[in-house]
Amino acid sequence: MHTDYDLVIIGAGPAGLTAGIYAGRAQLKTLLLEKAAPGGQILVSDWIENYPGFPEGISGADLMMKMAEQVKRFGIAIESNEVISVDLSGQIKKLTLSDRTATTKAIIIATGASPKKLGVPGEDEFYGKGVSTCATCDGPFFRDSVVVAVGGGDSAVQETIFLTRFAKKVYLIHRRDQLRATRILQERAFANDKIEFVWDSVVTRINGSEAGVQGVTVKNVKTGRTSDLSADGCFMWVGITPNTAFVKDAVQLDAGGFVVVNAKMETSTPGVYAAGDVRNTPLRQVATAVGDSAIAATEAAKYIENLEAGHS
Ligand code: NAP
């Protein structure tokens, strides 16, 4: 059975890069695709201190650079390209890329997830003019400023703490009166006197002028009262949406749009695997993405071997 590739890995975040290392060592003819910069969401993470092997912690960018180097060492190149559509129904999987079509025996979906939008007036209008989801990219623009941050998960709390390096004050607006973030991050945030918590509240509008954000309108969900907060920026971390639109008719997704896999990282379609943030997982970390991909790539290699031996 002739195909252009044995394995196509879609996405070069921690999951895709790990799959690349395993595929390279298994000597599979592999295409590793990334539509943006290799590294995925973790690129914008200032400091990672829960990935083993780096006792002092490591920046997201440095960790991803090291993983990309390791992939290259095993002879896998990372191609900048986008998958437009897929036909995964047969044994030969067909992909339409932005510049050509390609065929492969197996696929690992490692496209990760993107930050969710709030869906309030002003969000799109002021995106890049004070509205942001990336503290490492945009935080330094807010030196000695007042900014708001929205959300109560790990991202919101970790990035809010990072913002206090620059901003003189950060209002952390959360829709409940308890954070979702892990305990150690909560404790650091509570101990940081530049952070003022705005509990039980949602942002209903981002206000500004041509120059950019000037503040937000906040509604207390318990009292129904609204008030305006003055701020120069509005950062949002209200969860993630999986990047699965291109496979929505090709593999089973859960209600949130995440790819459903079993313990072998197999999707509902034979020869198609998913790993990392894009899948239905209880924990989204670099460590879990790496573990998923070690399994996915090993299983994909076995699947390809069986296919070639005529057992599938
Ligand atoms: P998340 O855990 O889903 O948290 C989203 C937060 O936004 C929640 O606090 C949620 O409130 C709030 N929210 C959701 N929709 C909202 C809306 N429309 N308006 C206002 N608030 C809204 O997302 P995340 O923080 O981006 O994290 C994603 C994954 O990455 C998680 O698995 C997380 O553990 C992981 N992560 C880990 C680290 C780390 O280990 N250091 C760092 C970053 C991310 P409720 O709490 O009320 O639901």
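Before reading further, recall that the structure is shown in the block above.
Just so it is clear, the model here is predicted, and its values are computed rather than measured.

*Asks:* Any chance you could break down the packing of aromatic side chains for me, citing the residues and the numbers?
*Replies:* Two aromatic rings are characterised by how far apart their centres lie and by the angle between their planes. Across all of its chains, the model carries seven aromatic pairs by this definition. Taking the centre distance of 5.4 Å and the plane angle of 70 degrees together, the rings of Phe-162 and Phe-166 count as edge-to-face. Taking relative accessible area as the criterion, Phe-166 reaches 12% and is therefore assigned buried. When the centroid spacing of 5.0 Å and the interplanar angle of 5 degrees are considered together, the rings of Phe-197 and Trp-199 count as stacked. When its relative accessible area of 27% is taken as the criterion, Trp-199 is described as partly exposed. Among the aromatic residues, those joined into a ring-pair cluster are Phe-142, Phe-235 and Trp-237.

*Asks:* How would you explain the nonpolar core if you had to name every residue and give the values?
*Replies:* What tends to happen in soluble globular proteins is that the nonpolar side chains get buried as a cluster. Residues Leu-7, Ile-108 and Ile-109 are the most contacted members of the largest nonpolar core, which totals 56 residues. Where this core is concerned, the elements lending two or more residues are β1 (5-10), α1 (14-25), β2 (30-34), α2 (60-73), β5 (93-97), β6 (101-109), β17 (272-274) and α6 (286-308). Ranked by residue count, the leading element in this core is α6, at 10 residues. Ranked by size, the runner-up nonpolar core spans 21 residues in total, among them Phe-142, Val-170, Ala-181 and Ile-195.

*Asks:* Describe α6, naming the residues involved and giving the relevant values.
*Replies:* Along its 23 residues, α6 runs 33 Å from first to last C-alpha, staying within 8% of the 33 Å computed at 1.5 Å per residue. Count one or two residues on from α6 and you reach Gly-310, which has phi positive near 80 degrees.

*Asks:* I'd like to hear about the site of the ligand, residue by residue, with values.
*Replies:* Lining the immediate surroundings of the ligand are 17 residues, of which Asp-154, Ser-155, Gln-158, Arg-176 and Arg-180 lie closest. Contact distances for the ligand include 3.0 Å between an oxygen atom and a backbone N or O atom of Gly-152. Relative to its unbound accessible surface of 910 Å², the ligand loses 76% to contact with the protein. For the shell around the ligand, the class distribution of residues is three nonpolar, nine polar and five charged. Domain assignment of the residues forming the shell around the ligand places at least three in each of domain 1 (5-114 + 240-311) and domain 2 (117-236).

*Asks:* Break down the sheet that holds strand β8 (residues 131-132) for me, with residues and values.
*Replies:* Pairing within the open sheet is parallel, and its five strands lie in the order β8-β15-β9-β10-β11. Edge positions in the sheet fall to β8 and β11 (195-198), since each of these pairs with one other strand and no more. With four bridges connecting them, strand β10 (residues 169-173) and β11 associate as parallel partners. Counted as the bridge partner of Tyr-171 is Glu-196 from β11.

*Asks:* Pulling in residues and values, what's your account of the state of the cysteines?
*Replies:* By the definition in use, this model includes one disulfide. In this model Cys-134 forms its disulfide with Cys-137; the gap between the sulfur atoms is 1.9 Å. Between Cys-134 and Cys-137 the sulfur-sulfur dihedral comes to about 75 degrees; the bridge is accordingly right-handed. In this model Cys-234 remains outside any disulfide bridge; the closest cysteine sulfur is found in Cys-134, 14 Å from its own. For Cys-234, a relative accessible area of 0% corresponds to the buried category.

*Asks:* Can you break down helix α5 (residues 183-190) residue by residue, with the values?
*Replies:* Side chains of residues three or four places apart in an α-helix project in the same direction, reflecting 3.6 residues per turn. Turning to α5, its buried residues number three or more, namely Leu-185, Gln-186 and Ala-189. Buried positions in α5, seen along its axis, are confined to an arc of 100 degrees and lie on one side of it. Elements that come into contact with the buried residues of α5 comprise α4 (154-163) and β11.

*Asks:* Any chance you could break down the pattern of salt bridges for me, citing the residues and the numbers?
*Replies:* All told, the structure shown has 14 salt bridges when counted by the stated rule. Across the salt bridge formed by Lys-117 and Asp-124, the nearest N and O atoms sit 2.7 Å from each other. Neither residue differs from the other here; Lys-117 and Asp-124 are each classed as exposed. Arg-279 serves as the salt-bridge partner of Asp-292, at 2.7 Å between the closest nitrogen and oxygen. Of this pair, Asp-292 sits in helix α6 while Arg-279 sits in the loop between β17 and α6, placing them 13 residues apart in sequence. Taken as a pair, Asp-292 and Arg-279 share a single burial class, namely buried. A network of salt bridges, in which partner residues are shared, links Asp-6, Lys-105 and Glu-308.

*Asks:* Explain the side chain of Ser-45 to me, using residue names and the numbers behind them.
*Replies:* Position of Ser-45 relative to the elements: it lies in the loop between β2 and α2. Discounting residues that sit within four places of it in the chain, Ser-45 has contacts with Ser-59, Gly-60, Ala-61, Thr-136 and Gln-158.

*Asks:* Describe the pairing of strand β12 (residues 201-209), listing the residues and the values that go with them.
*Replies:* As paired elements, β12 and strand β13 (residues 212-220) share eight bridges and run antiparallel to each other. When the sheet's bridge partners are listed, Ile-206 is paired in β13 with Val-216. Once β12 ends, the chain turns through two residues before running back antiparallel as β13.

Definitions and limits used
Residues numbered from 1 in each chain as written. Predicted model: local features only at pLDDT ≥ 70, side-chain atom pairs only at ≥ 80, totals over all residues. Heavy atoms only, no water. Phe/Tyr/Trp six-rings, centres within 6.5 Å; stacked < 30°, edge-to-face > 60°. Buried < 20%, exposed > 50% of the residue type's maximum accessible area, 1.4 Å probe, protein only. Core = buried A, V, L, I, M, F, W, Y, C linked by side-chain atoms within 4.5 Å. Helix = DSSP H or I, 4+ residues; strand = E, 2+ residues; numbered from the N terminus. Expected span 1.5 Å × (residues − 1). Near = heavy atom within 4 Å. Polar contact = N/O pair within 3.5 Å; in protein donor to acceptor, adjacent residues only side chain to side chain. Areas by Shrake-Rupley, 256 points an atom, 1.4 Å probe, with all protein chains shown as cover. Nonpolar A, V, L, I, M, F, W, Y, C, P; charged D, E, K, R; others polar. Domains from an automatic or database assignment. Pairing = 2+ DSSP bridges. Disulfide = S-S within 2.5 Å. Arc of directions from axis to C-beta. Contact = heavy atoms within 4.5 Å. Salt bridge = Lys/Arg side-chain N within 4 Å of Asp/Glu carboxyl O.

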